[in-house]
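Chain by chain, the residues:
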Amino acid sequence: MEIFWNTIAQYNEGTWWAQLFITIVGITLTILLYRKPVTWVKRSMKIYMVFLNAWISIVYYMTYCNTRSYSYILTLFWGVIALIWLWDLYANYTQFERNPRYKFLVGVLYAMPFLYPLLSWARGMGFPMMTTTVMPCSVAVFTIGLLLGFSRKVNLIVILFLCHWALIAFSKVYIYKIPEDLLLASATVPAIYLFFKNYFDQNLHKETKLSARLMNGFLIFICVVVGILLSITLFQGI
């Protein structure tokens, strides 16, 4: 636990200015996506997501958190998510078509990256040894909120990876004393349900049911593989 919080302090001290800039860019692009959802804005958001996940992989885990015993697997984990967004940018799979059905939950998810540092302050922690807006759980909850707000056609593999991240957040609450992660874990449960409900509603009634079944099988396979890797990671951390 001491190593965990020391690496967070070093990360915040070394990158606070970059985190502030990244947060401002994310807010700006999100507002533009709602007010002016043209092609260049959508592509810019995908480029931002590639950068954001690569930042967590390379800067957070590989550079500042490399003393943690499990840093290598989480560097790979977030690097894969960055590559998925890069593929999405090329293939133009995620359309960022707004879905207004879940406005309340989306609003809660957007607010959570800012609730993380507030909760840290509330329980007596101070900068730099505290959670911030550009850390793995903050990025995960922002991504889930973004995709839920534009959930007519989204990349379910990204959702699957973030679902696993939310599940291990429960363990971090007790192992590393981070009650802030209860925010991510609790809010993600209904969001994940809505994503998959939306997917099944759109696909299972089609005549081409085979592709839907293949997709479901692939998701299950990825789920098992990632689950095994993260379970190994958790036991190593303990």
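(A) Highlighting the overall build of the protein chain. Scanning the protein chain from terminus to terminus reveals eight helices and zero strands. Starting at the N terminus, the α and β elements of the protein chain follow one another as α-α-α-α-α-α-α-α. Classification of the 238 residues of the protein chain by burial places 52% in the buried group. Carbon and sulfur atoms form 71% of the exposed surface of the protein chain, whose accessible area is close to 11800 Å².

(B) The arrangement of unusual backbone geometry in detail. Cis geometry is found at the peptide bond from F127 to P128, where omega equals 10°. Looking at the element boundaries, P128 is found in the loop between α4 (103-122) and α5 (136-149). Although it is not a glycine, N92 sits at a positive phi angle of roughly 55°. By relative accessible area, N92 is classed as partly exposed at 42%. Here the phi dihedral of F96 falls at roughly 55°; this positive angle occurs in a residue that is not glycine. Relative to the elements of secondary structure, F96 occurs in the loop between α3 (71-91) and α4. On the accessibility criterion, F96 (2% relative accessible area) is buried.

(C) Representation of the pattern of salt bridges within the structure. Applying the stated criterion across every chain, the model contains one salt bridge. Close ionic contact of K46 with D88 constitutes a salt bridge, the shortest N to O distance being 2.9 Å. With K46 in helix α2 (residues 39-64) and D88 in helix α3, the pair connects residues that are 42 residues apart, well separated along the chain. Each member of the pair, K46 together with D88, is buried.

(D) Representation of the side chain of K46 within the structure. Note on K46: relative accessible area 2%, which makes it buried. Looking at K46, its side chain comes within polar contact range of the side chain of D88, at 2.9 Å. Aside from chain neighbours lying at most four places away, what touches K46 is W85, D88, L89, N92, Y93, T94 and F96.

(E) Spotlight on the nonpolar core. The biggest cluster of nonpolar side chains holds 60 residues, and the ones touching the most others in it are Y61, W78, L146 and L148. Contributions of two or more residues to this core are made by α1 (2-35), α2, α3, α4, α5, α6 (156-175) and α7 (181-203). Beyond its immediate sequence surroundings of up to four residues, W78 is in contact with N53, I56, S57, Y61, P136, V139, A140, L162 and W165.

(F) Just the confidence of the model for the protein chain, in detail. Per-chain confidence: the protein chain averages 80 in pLDDT, with 72% of residues scoring 70 or above. Model confidence for the protein chain, summarised as mean pLDDT per element, is weakest for helix α8 (residues 209-237) at 55 and strongest for α2 at 96.

(G) Structural view of the packing of aromatic side chains. Under the criterion given, the structure shown has 13 aromatic pairs. A centroid spacing of 6.2 Å and a plane angle of 80° characterise the contact between Y34 and Y110, whose relative ring orientation is edge-to-face. Here the residue Y34 occupies a position in helix α1, and Y110 occupies one in helix α4, the gap between them amounting to 76 residues. A relative accessible area of 27% means that Y34 is categorised as partly exposed. Arranged with centres 6.0 Å apart and planes meeting at 45°, the rings of F51 and W55 form a pair that is tilted. Linking F51 with W55, this pair stays in helix α2, spanning four residues, or about one helical turn. The exposure class of F51 is partly exposed, given its relative accessible area of 40%. Residue classification places W55 among the buried residues on the basis of a relative accessible area of 12%.

So, how was this worked out
- Residues numbered from 1 in each chain as written.
- Predicted model: local features only at pLDDT ≥ 70, side-chain atom pairs only at ≥ 80, totals over all residues.
- Heavy atoms only, no water.
- Helix = DSSP H or I, 4+ residues; strand = E, 2+ residues; numbered from the N terminus.
- Buried < 20%, exposed > 50% of the residue type's maximum accessible area, 1.4 Å probe, protein only.
- Areas by Shrake-Rupley, 256 points an atom, 1.4 Å probe, with all protein chains shown as cover.
- Salt bridge = Lys/Arg side-chain N within 4 Å of Asp/Glu carboxyl O.
- Polar contact = N/O pair within 3.5 Å; in protein donor to acceptor, adjacent residues only side chain to side chain.
- Contact = heavy atoms within 4.5 Å.
- Core = buried A, V, L, I, M, F, W, Y, C linked by side-chain atoms within 4.5 Å.
- pLDDT = per-residue confidence, 0-100.
- Phe/Tyr/Trp six-rings, centres within 6.5 Å; stacked < 30°, edge-to-face > 60°.

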